[in-house]
Amino acid sequence: MRADFTPPDFVPDGYTPLQRLGSGQTSHVYLATHASRGEVALKLPRTELQHRPVLRRMFENEVQITLGLKHPNVVQGFAGYPTGPRAYLELEYCAGGTLDQLLLEQGRMPLERSLTLILEVAKGLEYTHDRQVLHRDVKPANVFLKEGGVAKMGDYGTGIFSAEETQERVGTAFYMAPEIFEGQTSTIPTDVYSLGVLAYEVLTGVRPFLGDSYNSLMMAHLTGLPRDPRNYRQDMPKGLSRVVLRAMSRDPEKRFRSVERFIHDFQVVAGIEDTSQEGTLQTGRAGRVSGSAKDADDDKSNRRGGLFGLFRRKRS
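Residues numbered from 1 in each chain as written. Predicted model: local features only at pLDDT ≥ 70, side-chain atom pairs only at ≥ 80, totals over all residues. Heavy atoms only, no water.

K.L.:
Explain the overall build of the protein chain to me, please; I cannot follow it from the model alone.
P.N.:
Helix and strand content of the protein chain: nine helices and eleven strands. Classification of the 316 residues of the protein chain by burial places 53% in the buried group. Accessible surface, the protein chain as shown: approximately 14700 Å² in total, 48% of it carbon and sulfur. (Helix = DSSP H or I, 4+ residues; strand = E, 2+ residues; numbered from the N terminus. Buried < 20%, exposed > 50% of the residue type's maximum accessible area, 1.4 Å probe, protein only. Areas by Shrake-Rupley, 256 points an atom, 1.4 Å probe, with all protein chains shown as cover.)

Below is the structure:
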């Protein structure tokens, strides 16, 4: 424990907090030790949640959703209690920080590393959708890295079950789908759009849309066209650019109807084989994206299945 560290007022039984890792809208996050699991991340709700029902509901959602997810590319929740003065959430500790921090430190990364990160995020999001959950805030700051570099989707405070009907404008403005700016309901293609923006940024080292206010970012997403990613990265396969830009289509009907289809086409054009259930990647000869049969599969897959960060290069 750091000498200047002041422990929180409430600590669940069995945990010893060592230091504060950071704070978000709903909670403070601590590095803690658990008697049997060793180092973990411990989320404790902020005191103001008692008077902020929207934020309180976000923390409750995060606990309930996270504890129901278990996938190699999703931050594992071990234990928690959603509400009241003894609320908490215990998560696996990701010592590698966030993808957002990695992009700030390194900018554009080698192509193979970029492809791996995008596919790991996509597989975590695909599993999330398979569990009937929409994330609604897919962005690099919500992707956590294990010490070995594996990427994991996390921070499900904005998450909802896909059967819920809501027109909340939830998300981060750099990554929000155009229809969310217009107050429409979140859907799987909404998350696909945010995934496409994330993929663009990981591949190129720059964001496709910039703005110095919420309104300017809204207009950029509603009316702007991103530059071809190959303008920033000549070593990209041409087909990969098409896949990323399709995910970011302004019209939801023109996007991939599922993350599963995004992953399939992404791997095909990048020449990547998924050789195991854990997603071991091997580079091979790039193929071509399938045509009308793919779109039919998209529709089949789809049937299965306030928090605005601003502004230019200031990351959220």
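Don't stop here, the text continues.
K.L.:
Help me out: how do you make sense of the pattern of salt bridges in this one?
P.N.:
Side-chain pairs of opposite charge can arise whenever the charged atoms involved come near each other. Throughout the structure, instances matching the rule amount to 13 salt bridges. For Asp-155, the salt bridge goes to Lys-43, with nearest N and O atoms at 3.9 Å. On the criterion of sequence distance, the pair formed by Asp-155 in the loop between β8 (151-153) and β9 (160-161) and Lys-43 in strand β3 (residues 38-45) is long-range, its members being 112 residues apart. Its relative accessible area of 30% is what places Asp-155 among the partly exposed residues. Judged by its relative accessible area of 10%, Lys-43 falls in the buried class. Among the ionic pairs, Lys-152 bridges to Glu-92, the shortest N-O distance being 3.2 Å. Taken together, the residues span a long stretch of sequence, with Lys-152 in strand β8 and Glu-92 in strand β5 (residues 88-92) at a distance of 60 residues. Take Lys-152: its relative accessible area is 8%, and that puts it in the buried class. (Salt bridge = Lys/Arg side-chain N within 4 Å of Asp/Glu carboxyl O.)

K.L.:
Just checking my understanding: could you explain helix α7 (residues 238-247) for this structure?
P.N.:
The periodicity of an α-helix, 3.6 residues per turn, causes residues three or four positions apart to be oriented the same way. Taking burial as the measure, the ten residues of α7 include seven buried ones, the bulk of the element. By the burial criterion, the buried members of α7 are Gly-239, Leu-240, Ser-241, Val-243, Val-244, Arg-246 and Ala-247.

K.L.:
Any chance you could explain the pairing of β3 here in plain terms?
P.N.:
Note on strand geometry: in a regular strand, side chains alternate between the two faces of the sheet. In the sheet, strand β2 (residues 27-34) pairs with β3 via eight bridges, with the strands oriented antiparallel. Within the sheet, the bridge partner assigned to Ala-32 lies in β3 and is Val-40. Between β2 and β3, which pair antiparallel and follow one another directly, the connecting turn spans three residues. Judged from the four bridges that link them, β3 and β5 form a sheet pairing that is antiparallel. In the strand pairing of β5, Lys-43 is matched with Leu-89. (Pairing = 2+ DSSP bridges.)

K.L.:
Can you help me understand the nonpolar core in this one?
P.N.:
With 62 residues, the main nonpolar core has Leu-99, Leu-115, Leu-203, Leu-240, Phe-262 and Phe-266 as its most contacted residues. The leading source of residues in this core is helix α5 (residues 188-204), at ten residues. Apart from residues no more than four positions distant in its own chain, Phe-266 is found in contact with Leu-115, Ile-118, Leu-119, Leu-240, Val-243 and Val-244. (Core = buried A, V, L, I, M, F, W, Y, C linked by side-chain atoms within 4.5 Å. Contact = heavy atoms within 4.5 Å.)

K.L.:
Before we go on, may I ask you to explain the packing of aromatic side chains in this structure?
P.N.:
When we look at a pair of aromatic rings, we describe it by the centre distance and by the angle of the planes. Applying the stated criterion across every chain, the model contains six aromatic pairs. Residues Tyr-200 and Tyr-232 carry aromatic rings whose centres are separated by 6.4 Å and whose planes lie at 70° to one another, so their mutual orientation is edge-to-face. On the criterion of sequence distance, the pair formed by Tyr-200 in helix α5 and Tyr-232 in the loop between α6 (214-223) and α7 is long-range, its members being 32 residues apart. Overall, the relative accessible area of 28% leaves Tyr-232 in the partly exposed class. Geometrically, the ring pair formed by Phe-262 and Phe-266 is tilted, given 5.4 Å between the ring centres and 35° between the ring planes. Residue Phe-262 and its partner Phe-266 are both found in helix α8 (residues 259-270); the two are separated by four residues, about one turn of the helix. Taking relative accessible area as the criterion, Phe-262 reaches 0% and is therefore assigned buried. Among the aromatic residues, those joined into a cluster by ring pairs are Phe-256, Phe-262 and Phe-266. The cationic tip of Arg-207 hangs over the ring face of Phe-174; the distance from NZ or CZ to the ring centre is 3.9 Å. (Phe/Tyr/Trp six-rings, centres within 6.5 Å; stacked < 30°, edge-to-face > 60°. Lys NZ or Arg CZ within 6 Å of the ring centre and 35° of its normal.)

K.L.:
Help me understand the confidence of the model for the protein chain in this model?
P.N.:
Caution applies to low-pLDDT regions: their predicted coordinates should not be interpreted in detail. Of the residues in the protein chain, 84% reach a pLDDT of 70 or more, and the chain-wide mean stands at 87. Every residue in residues 275-280 is under pLDDT 50, and counting partners more than four places away or in other chains gives six contacts. Here residues 283-316 is modelled with pLDDT under 50, and outside its nearest four sequence neighbours on either side it reaches 96 contacts, counting other chains as well. (pLDDT = per-residue confidence, 0-100.)

K.L.:
What am I meant to see in the packing of α5 against α7 here?
P.N.:
Describing two packed helices takes the angle between their axes plus the distance from one axis to the other. Orientation of α5 relative to α7, taken along the N-to-C sense of each, is 140°, at an axis distance of 7 Å. In terms of their interaxial angle, α5 and α7 are classed as oblique. On α7, the residues that touch Val-192, Tyr-193, Gly-196, Ala-199, Tyr-200 and Leu-203 of α5 are Leu-240, Val-244, Leu-245 and Ala-247. Partitioning the contact of α5 with α7 into residue classes produces nine nonpolar, one polar and no charged. (Axes fitted to C-alpha atoms, helices over the stretch in contact; angles between N-to-C directions. Parallel < 35°, antiparallel > 145°, perpendicular 65-115°, else oblique. Nonpolar A, V, L, I, M, F, W, Y, C, P; charged D, E, K, R; others polar.)

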